[in-house]
Amino acid sequence: MKLLLMKTIRAVFLMLLTVSTIGLKAQSDPTGESAVTRTFAITNATVIQAPGKELKGATVVIKNGLIDAVGTNVTVPKNAQLIDGKDMYVYAAFIDGLSNTGAKRPENMPRPNNLFSPDPPNDYAGITPERSLVDQLDIESNTIGSLRKEGFAISHSVPYGRMLPGSGSIILLGDKKHADDLVLSKDVSMFTQFAGAPGAYPGNVLGIMAKFRNLYRNAENDKKHFDSYAQNPSGLERPERDRVTEAFFPVVTKQRPVMFDVSGVLEVQRAIRLQKDLGFKLMVGNVKQAWDLGQMFKENGTNVFLSLDLPDAPKEAKGKDKDEMTEEAKRLEARKMDFYKKYTGQAASLANTGVKFGFSSLDVASNKIKANLLTMIENGLSENDALAALTTNPAGILGIDKIAGTVEAGKIANIMISNAPYFTKDSQIKFMFVDGDKYDFEIKEKSAAGNGNRSAAAGNDPVVGTWTYNFETPQGATTGKMIIGKEGTQYTGKLTSNDGGPDNDMQEVSFVNGTLSFSFSIDAGGQSVELVVTGTVTGKQYDAEVSVSAFNFSTPLTATKDDGQ
């Protein structure tokens, strides 16, 4: 399925232009505040230093980008900017184990003329392990702010590509002037996925596995030659230089793990089979069907990053509709519910097996992360295990536990502050610190009408009305209307296009805490593709991001509310 989707990406993108998809620049922090001082003191707060380790009425001092002190008897520096932590909760900011955060997708290499499909150029085959996430890192990427808004300060981010796109790096999710300032640790993994080249070798899973074995064995032999030549070159033929082969050297010597993007059970098993055959250090990410794999992970010592993406809950028939269902329809409904329960309960299953896993945001819209975490908790995952999967576990797996993952003196000042215990439904993030820089968020009070955290009553709602959007594409600007209404407490919406394309209904429209989000689907050559839109409303301006998780694709769009609305 994944390979089929990748083959249709060009068609989908063209359709996005026609139907005026809304790519919105989701800025979690409007300013990335540059404080007069970089010394802060969060006073009288509840500090969750690590899962299960809590301090009440504590102070956290941040100085020069580091946590300087934590405790109930801490001296506050005279030059500190004070933050009253009463009724607030301080956590270590979250760590994302696998994503494309901050990466700018390059254009795929066009099919070469007179392509010899059994042996295509490496660039076309997607065999570019010598490349790095740093080559694609874009400080203006809206994915950085979107993930930061959800409580994340660090991401293990990997480049876009096919079989071997390049090495992943650990980046800080801050606002910086240069991409190098975001890099916490460069080239920490070799990223691999079962995505072949269209119409060429290796174009399928078996071909990819065979090609990986071949590249690894060649690197083992070449590494021995390089080492022998370095020790005593006399009488030895000079080694030939090959960037692809040399990129495997730190993998062969176990200095760098291989990170496999493996969503399905078979992909997980194939990655582990390669690891057992060849002996490299393995991490698997974006794992989506792990409910029967806990014992395998534990016995093999595999490092796991579970996907934060979850399927929608199946709709159950009720009343008369249920009474009129056939026995076969009832069995089908029961199977769907059983699958959903296994899926949403797999995090708890892994934790109960003793697997220390982290989370991956690779295929999930950022505005769904917290809701999905709460769903996992409702299905058996303890809050301590959830917090560990967001903080201490990924810090340990990625080798950064000495500088991140807990609220302790000496560690990088990556801190999240919420107005209630984070895993409660209505909690909101008030502050984020990334590398000692502070980011503020607006806290929305519940409305008296009992309309949750919505910003206004229906009669004076800031999003209801007609918006004109501008969508920048490689082919130029595309414009249209975004028409939003409200029926009771439910939002409705429709997208139109000035290019004459069909209208599209907006689904799951939500406006909470200043964030407007919705989804809609398009038909890509007979296949339905979901697009998720999320962004921030500031007055009459809408800046947001559209994400196509099937292709790990996102792009920005802006919208302005029409006069008189």
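Residues numbered from 1 in each chain as written. Predicted model: local features only at pLDDT ≥ 70, side-chain atom pairs only at ≥ 80, totals over all residues. Heavy atoms only, no water.

Q: What am I meant to see in the confidence of the model for the protein here?
A: Detail in the predicted coordinates should be disregarded across regions flagged by low pLDDT. Residues at a pLDDT of 70 or more form 85% of the protein, whose mean pLDDT is 85. Below a pLDDT of 50 lies the segment residues 447-458, which in the model reaches 30 contacts outside its immediate sequence neighbourhood of four places, other chains included. (pLDDT = per-residue confidence, 0-100. Contact = heavy atoms within 4.5 Å.)

Q: Would you explain the packing of helix 5 (residues 205-231) against helix 8 (residues 265-278) in this entry?
A: The packing of two helices is summarised by the inter-axis angle and the distance between the axes. At their nearest, the axes of helix 5 and helix 8 sit 11 Å apart, and the two run at 25 degrees to each other. With respect to helix 8, the axis of helix 5 lies roughly parallel. Judged by the sense of rotation from one axis to the other, the crossing of helix 5 with helix 8 is right-handed. Note on element contacts: helix 8 touches helix 5 through Arg-270, Arg-273, Leu-274, Asp-277 and Leu-278, opposite Val-205, Met-209, Phe-212, Arg-213, Tyr-216, Arg-217 and Glu-220. (Axes fitted to C-alpha atoms, helices over the stretch in contact; angles between N-to-C directions. Helix = DSSP H or I, 4+ residues; strand = E, 2+ residues; numbered from the N terminus. Parallel < 35°, antiparallel > 145°, perpendicular 65-115°, else oblique. Left-handed = near helix turned anticlockwise from the far one by under 90°.)

Q: Sorry, what's going on with a negative patch on the surface here?
A: Residues Glu-130, Glu-237, Glu-240 and Asp-242 make up a contiguous surface patch of negative charge. Following the sequence through the fold, Glu-130 ends up in the loop between helix 3 (122-125) and helix 4 (142-149). (Patch = residues over 30% accessible without salt bridge, like charges linked within 9 Å, V, L, I, M, F, W, Y side chains within 5 Å. Areas by Shrake-Rupley, 256 points an atom, 1.4 Å probe, with all protein chains shown as cover. Salt bridge = Lys/Arg side-chain N within 4 Å of Asp/Glu carboxyl O. Lys, Arg positive; Asp, Glu negative; His and termini not counted. Charge placed at Lys NZ, Arg CZ, Asp CG, Glu CD.)

Q: Please explain the nonpolar core as it appears in this structure.
A: Note that soluble globular proteins tend to have their nonpolar side chains buried in a common cluster. Judged by nonpolar contacts, the single largest core of 102 residues is most densely connected at Phe-212, Phe-260, Phe-280, Phe-297, Phe-357 and Phe-359. When residues of this core are assigned to their parent elements, the largest contribution, seven residues, is made by helix 5. Judged by nonpolar contacts, the second largest core, of 25 residues, contains Val-463, Ile-522, Leu-531 and Val-533. (Core = buried A, V, L, I, M, F, W, Y, C linked by side-chain atoms within 4.5 Å. Buried < 20%, exposed > 50% of the residue type's maximum accessible area, 1.4 Å probe, protein only.)

Q: Sorry if this is basic, but what is going on with the sheet that holds strand 7 (residues 152-157) here?
A: Strands belonging to one sheet form pairs held by backbone hydrogen bonds; the direction of such a pair is parallel or antiparallel. Strand order in this open sheet of eight strands is 6-7-8-9-10-11-12-13, and the pairing throughout is mixed. Each edge of the sheet is formed by a strand with only one pairing partner; in this case those strands are strand 6 (94-99) and strand 13 (358-360). Strand after strand, the sheet turns through a mean of 30 degrees between neighbouring axes, direction not considered. As defined by bridge partners, strand 7 adjoins strand 8 (residues 166-172) across four bridges and the pair is classed as antiparallel. Bridged to Ser-155 within strand 8 is Ile-171. (Pairing = 2+ DSSP bridges.)

Q: I keep staring at the packing of aromatic side chains and nothing clicks. Help me out?
A: Any two aromatic rings considered together are summarised by their centre-to-centre distance and by the angle between their planes. For the structure shown, the criterion picks out 18 aromatic pairs. On the numbers, 5.3 Å between centres and 70 degrees between planes, the contact of Phe-226 with Phe-249 is edge-to-face. Within this pair, whereas Phe-226 is found in helix 5, its partner Phe-249 is found in helix 7 (residues 249-252), the two being separated by 23 residues in sequence. For Phe-226, a relative accessible area of 19% translates into the label buried. Through successive ring pairs, a cluster of aromatic residues spans Phe-194, Phe-212, Tyr-216, Phe-248, Phe-260 and Phe-280. Between the NZ or CZ atom of Arg-162 and the centre of the ring of Tyr-124, over which it lies, the distance is 5.2 Å. Positioned over the ring face of Tyr-422 is Lys-370, at 5.1 Å from the centre of the ring. (Phe/Tyr/Trp six-rings, centres within 6.5 Å; stacked < 30°, edge-to-face > 60°. Lys NZ or Arg CZ within 6 Å of the ring centre and 35° of its normal.)

Q: Explain the pairing of strand 19 (residues 490-495) here, please?
A: Burial of strand 19 is one-sided: the residues Tyr-491, Gly-493 and Leu-495 facing one way are buried, the residues Gln-490, Thr-492 and Lys-494 facing the other way are not. Of the strand pairs in this sheet, strand 19 and strand 20 (residues 504-512) are connected by three bridges, and their pairing is antiparallel. Each bridged residue has a counterpart across the sheet, and for Lys-494 the counterpart in strand 20 is Asp-505.

Q: Just checking my understanding: could you explain the environment of Gly-396 for this structure?
A: For Gly-396, the location among the structural elements is in helix 14 (residues 392-397). In this structure Gly-396 comes out as partly exposed when scored by relative accessible area, which is 40%. A sequence separation of 93 residues divides Gly-396 from Asn-303, and the C-alpha atoms of the two residues are 10.0 Å apart.

Q: What is the right way to read helix 4 from this model?
A: The α-helix winds at 3.6 residues per turn, so residues separated by three or four positions along the chain end up facing the same way. Counting buried positions over the eight residues of helix 4 gives seven, a clear majority of the element. Listed as buried for helix 4 are Asn-142, Thr-143, Ile-144, Gly-145, Ser-146, Leu-147 and Arg-148.

Q: How should the side chain of Asp-261 be read in this particular structure?
A: Here Asp-261 shows up in strand 10 (residues 258-261). At a separation of 3.1 Å, a polar atom in the side chain of Asp-261 contacts the side chain of Asn-286. (Polar contact = N/O pair within 3.5 Å; in protein donor to acceptor, adjacent residues only side chain to side chain.)

Q: I would appreciate a short explanation of the pairing of strand 1 (residues 40-50) in the present structure.
A: Regular strands show a simple pattern: their side chains alternate between the two faces of the sheet. Burial analysis of strand 1 places nine of its 11 residues in the buried class, the great majority of the element. Here four bridges tie strand 1 to strand 4 (residues 81-84), and the two strands are oriented parallel to one another. In the sheet register, Ala-41 faces strand 4, and the bridge partner there is Leu-82. Bridge count for strand 1 against strand 2 (residues 53-63) is seven bridges, and the pairing is antiparallel. Bridged to Ile-48 within strand 2 is Glu-54. Between the antiparallel neighbours strand 1 and strand 2 lie two residues, among them Gly-52 with a positive phi of about 85 degrees. Note: strand 1 against strand 5 (residues 89-92), three bridges, orientation parallel. Pairing of Ile-48 across the sheet is with Tyr-91, part of strand 5.

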